[in-house]
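Geometric and topological summary
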Amino acid sequence: MQKYRSTGRAVRFLSALAFLSCMGILLLMLCFVHMEERKPVSQSLRTDYSEMAEDAVQNLKSEALTGFADIPVHYRLPENAIKGNVPKEANYGVTSDPKVITELLQRAAPLLEEQHTVWSEDTVLLEGTDIHYYYDETILVLCWKELCGDQVCTFAEVKIADGSQLRRKLADNEYGADSRYLASTMAEEVNAVVAINGDFYAFRNKGISVYGRKVYRFNPENVESCFFTASGDMLFAHRNEFEDVAAAERFVAENDIKFSVAFGPILVENGVLQVSGYAQYRLGEPNEFHYRSAIGQTGERHYLLATSGTEGRIGKVGTIAQMAKVMQEKGCVQAYALDGGQTAEIVMNHEPVNEIAHGSERTMSDIIWFGTALPENR
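In this report, the structure presented in the accompanying data block is examined. (Residues numbered from 1 in each chain as written. Predicted model: local features only at pLDDT ≥ 70, side-chain atom pairs only at ≥ 80, totals over all residues. Heavy atoms only, no water.)

**Describing the overall build of the protein chain**
Put simply, the test is: A helix here means a DSSP run of H or I that spans at least four residues, while a strand means a run of E at least two residues long, and both kinds are numbered starting from the N terminus. When a residue's accessible area, from a 1.4 Å probe over protein chains only, is under 20% of the maximum for its type it is buried; when over 50% it is exposed; and in between it is partly exposed. Contact criterion: two residues are considered in contact whenever any of their non-hydrogen atoms come within 4.5 Å of each other. Note on areas: these come from Shrake-Rupley sampling with a 1.4 Å probe, and a residue is covered only by the protein chains present in the view.
The number of helices and strands found in the protein chain is seven helices and 21 strands. Buried residues in the protein chain amount to 50% of all 378 residues. Taking the contacts inside the protein chain whose residues are at least 6 apart along the sequence as the reference set, 72% of them involve residues at least 24 apart. If you sum the accessible surface of the protein chain, you get close to 17700 Å²; carbon and sulfur atoms cover 52% of it.

If you want it as structure tokens, here you go:
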């Protein structure tokens with residue numbers, strides 16, 4: 001009987017591989033035919049049909065291999081997809097018991113890939129608050145509040161299985177659109193598990209803006225920019241690092257950059273606290289006291305979203321230097337400041353989780369969001 005079952009599994013496995021091979025060849029043929037019908041375009045403007053085919057084959061392979069416990073499956077979101085897959089409502093949770101999160105992290109061990117989490121059982125939550133979480137085999141999110149000195153910090157720790165799950169959403173999905181929406185509205189529109197405000201690019205004309213692999217803005221004199229690669233890494237450009245647009249476009253192509261944000265400054269680079277030059281920085285009034293927002297990377301496809309400010313009558317607003325110190329102390333090897341003030345916002349399960357300046361959300365032009373890659377039929 002055991003031999004029969006093993007033979008059956010082998011037959012199913014070989015059948016799945018044969019099916020995937022045929023599908024891959026078919027998709028590639030379709031791509032070549034489609035590309036022949038179009039004029040060649042530049043790397044930065046392409047609609048990357050080869051990647052679309054690769055995404056489809058990868059997800060088909062994962063579906064076919066489901067059920068083979070000894071073979072890992074891997075899903076990713078197509079780069080041209082406007083929305084992510086719908087998160088499973090049952091996978092969200094809220095708790096004040098650290099043991100619940102410890103057990104969750106044990107289940108999430110394959111996704112964490114032996115990386116340590118920022119959150120630990122020693123984390124002291126802000127009194128009267130809970131930990132919000134989401135987990136499936138492609139994404140883990142832990143969201144909590146704690147006192148960092150005299151500021152209330154809201155953190156969202158995110159670990160994803162594939163870089164395609166890190167995205168940027170622009171209002172109306174078009175660079176330069178005049179429309180603005182609430183962050184919670186945009187997060188719900190794209191099925192984000194968690195999101196943070198972006199740079200509010202439509203409000204200013206500074207820095208280097210990349211969207212869909214194309215450089216739309218090149219004004220690097222006074223602003224540091226943050227780039228996000230297809231694999232999910234954060235890279236930085238300091239003020240005046242690129243001498244012209246062509247140099248920026250080469251950087252985008254060579255590093256497989258999907259998008260960028262231009263606010264800043266850089267808070268932590270390669271683990272080193274960046275503290276010089278804040279006084280002369282042109283955005284965000286770095287030495288004044290405001291609500292702050294930041295995004296950091298702690299490891300491979302592992303991130304920390306953060307806002308700082310008040311919660312009711314608890315806490316104070318802070319400076320950029322204070323936010324930089326928080327991000328470094330939390331283990332970020334890369335960290336970057338996003339638009340603060342009333343724009344500073346973290347959204348989870350379509351709801352703001354931090355206290356927002358002036359007591360209500362403001363409309364904005366963009367968010368950075370993370371989605372599940374798990375197919376909706378799983």
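**Details of the sheet that holds strand 3 (residues 139-148)**
Whenever strands of a sheet pair, they do so through backbone hydrogen bonds, lying parallel or antiparallel. Stated precisely, the cut-off is as follows: Two strands are counted as paired when DSSP detects at least two bridges linking them.
The nine strands are arranged 1-2-3-4-16-15-17-13-14 in an open sheet whose pairing can be described as antiparallel. Where the open sheet ends on each side, the last strands, each with one partner, are strand 1 (92-95) and strand 14 (272-273). Here two bridges tie strand 13 (residues 266-269) to strand 14, and the two strands are oriented antiparallel to one another. In the sheet register, Val-268 faces strand 14, and the bridge partner there is Leu-273.

**What about a negative patch on the surface?**
What counts is decided by this rule: In this analysis, a patch consists of residues with relative accessible area above 30% that form no salt bridge, clustered at 9 Å for like charges and at 5 Å for the nonpolar side chains Val, Leu, Ile, Met, Phe, Trp and Tyr. The salt bridge criterion pairs a side-chain nitrogen of Lys or Arg with a carboxyl oxygen of Asp or Glu, the two atoms within 4 Å. In this count, Lys and Arg are taken as positive residues and Asp and Glu as negative ones, while His and the chain termini are left out. For the purpose of locating charges, the reference atoms are NZ of Lys, CZ of Arg, CG of Asp and CD of Glu.
A contiguous patch of negative charge on the surface is contributed by Asp-97, Glu-103, Glu-121 and Asp-122. Its place among the elements puts Asp-122 in the loop between helix 4 (109-112) and strand 2 (131-136).

**Quick word on the environment of Ile-346**
Mapped onto the elements of the fold, Ile-346 is located in strand 18 (residues 346-348). Residues Ile-346 and Cys-143, spaced 203 residues apart in sequence, show a C-alpha to C-alpha distance of 9.3 Å. If sequence neighbours within four positions are ignored, Ile-346 has contacts with Thr-154, Ala-156, Val-194, Ala-195, Ile-196, Leu-305, Ala-306, Thr-307, Glu-351, Pro-352, Val-353 and Asn-354.

**A closer look at the side chain of Glu-269**
To be explicit about the condition: By the criterion applied in these results, polar contacts are pairs of N or O atoms within 3.5 Å in which, for protein atoms, one can donate a hydrogen and the other can accept it, and in which residues neighboring in sequence qualify only through two side-chain atoms.
Mapped onto the elements of the fold, Glu-269 is located in strand 13. Lacking a salt bridge, the buried Glu-269 has Arg-239 as its closest oppositely charged neighbour, with an N-O distance of 10 Å. Among the polar contacts listed, one links the side chain of Glu-269 to the side chain of His-238, at a separation of 2.8 Å.

**Re the nonpolar core**
Stated formally: As used in this record, nonpolar core signifies buried Ala, Val, Leu, Ile, Met, Phe, Trp, Tyr and Cys residues forming a set joined through side-chain atoms within 4.5 Å.
Counting residues in hydrophobic clusters, the biggest one holds 34 residues, and the most contacted among them are Val-158, Val-194, Phe-228, Leu-305, Tyr-336, Ile-368 and Phe-370. Not counting chain neighbours up to four residues away, the residues in contact with Ile-368 comprise Leu-166, Arg-167, Arg-168, Ala-195, Ile-196, Asn-197, Gly-198, Phe-228, Phe-259, Val-261, Ile-295 and Leu-338. Counting 32 residues, the second-largest nonpolar core is a separate cluster that includes Tyr-278, Met-323, Ala-324 and Val-326.

**Notes on the packing of aromatic side chains**
Short version of the rule: Ring pairs shown here join Phe, Tyr and Trp side chains whose ring centres sit within 6.5 Å, with only the six-membered ring taken for Trp; geometry is labelled stacked below 30 degrees between planes, edge-to-face above 60, and tilted in between.
This model, assessed by the stated rule, comprises 11 aromatic pairs. A ring pair is formed by Phe-200 and Phe-203, whose centres lie 5.5 Å apart and whose planes are at 45°; its orientation type is tilted. Geometrically, the ring pair formed by Tyr-303 and Phe-370 is tilted, given 5.2 Å between the ring centres and 45° between the ring planes. You can see Tyr-303 sitting in strand 16 (residues 302-309) and its partner Phe-370 sitting in strand 21 (residues 366-370), a full 67 residues away along the chain. Its relative accessible area of 0% is what places Tyr-303 among the buried residues.

**A look at the pattern of salt bridges**
A side chain with one charge can pair with a side chain of the opposite charge if their charged atoms come near. Inspection of the entire model under this criterion finds 12 salt bridges. Its salt-bridge partner being Lys-145, residue Glu-311 comes within 3.0 Å of it at the nearest N-O pair. With a gap of 166 residues between them, Glu-311 in the loop between strand 16 and helix 7 (320-329) and Lys-145 in strand 3 connect regions that are remote in the sequence. Asp-366 serves as the salt-bridge partner of Arg-168, at 3.3 Å between the closest nitrogen and oxygen. One end of the pair, Arg-168, is in strand 5 (residues 166-170); the other, Asp-366, is in strand 21, with 198 residues separating them in the sequence. Judged by relative accessible area, which is 8%, Arg-168 ranks as buried. Residues participating in the shared-partner salt-bridge network are Glu-113, Lys-159, Glu-300 and Arg-301.

**What to know about the sheet that holds strand 19 (residues 351-352)**
Spatially, 5-21-7-18-19 is the arrangement adopted by the five strands of the open sheet, whose pairing is antiparallel. Taken across any chain shown, the strands that pair with only one partner, and hence form the sheet edges, are strand 5 and strand 19. In terms of strand pairing, strand 5 meets strand 21 through five bridges, oriented antiparallel. Residue Arg-167 lies in a different strand from strand 21, and its bridge partner there is Trp-369.

**Points about the environment of Thr-185**
With respect to the helices and strands, Thr-185 occurs in helix 5 (residues 183-189). Each C-alpha atom of the pair Thr-185 and Val-347 lies 9.7 Å from the other, and the pair is 162 residues apart in sequence.

**A word on helix 7**
The condition is simple: Throughout, the arc means that of the directions going from the helix axis to the C-beta atoms.
Those residues of helix 7 that fall on the buried side of the exposure criterion are Ile-320, Met-323, Ala-324, Val-326 and Met-327. For helix 7, the angular spread of buried residues about the axis comes to 160°, placing them on one side. Backbone geometry just after helix 7 places Gly-331 at a positive phi near 100°.

**Side note on the state of the cysteines**
The cut-off we apply is this: Defined by distance alone, a disulfide is two cysteine sulfur atoms within 2.5 Å.
Applying the stated rule across the entire model yields zero disulfides. Unpaired in this structure, Cys-153 has its nearest cysteine sulfur neighbour in Cys-148, at a distance of 3.1 Å.

**Some points on the side chain of Gln-334**
You can see Gln-334 is positioned in strand 17 (residues 334-338). There is a polar contact of 2.6 Å between the side chain of Gln-334 and the backbone nitrogen of Asn-270. Contact partners of Gln-334, with chain neighbours within four places excluded, come to Met-234, Phe-236, Val-268, Glu-269, Asn-270, Ile-295, Gly-296 and Gln-297.

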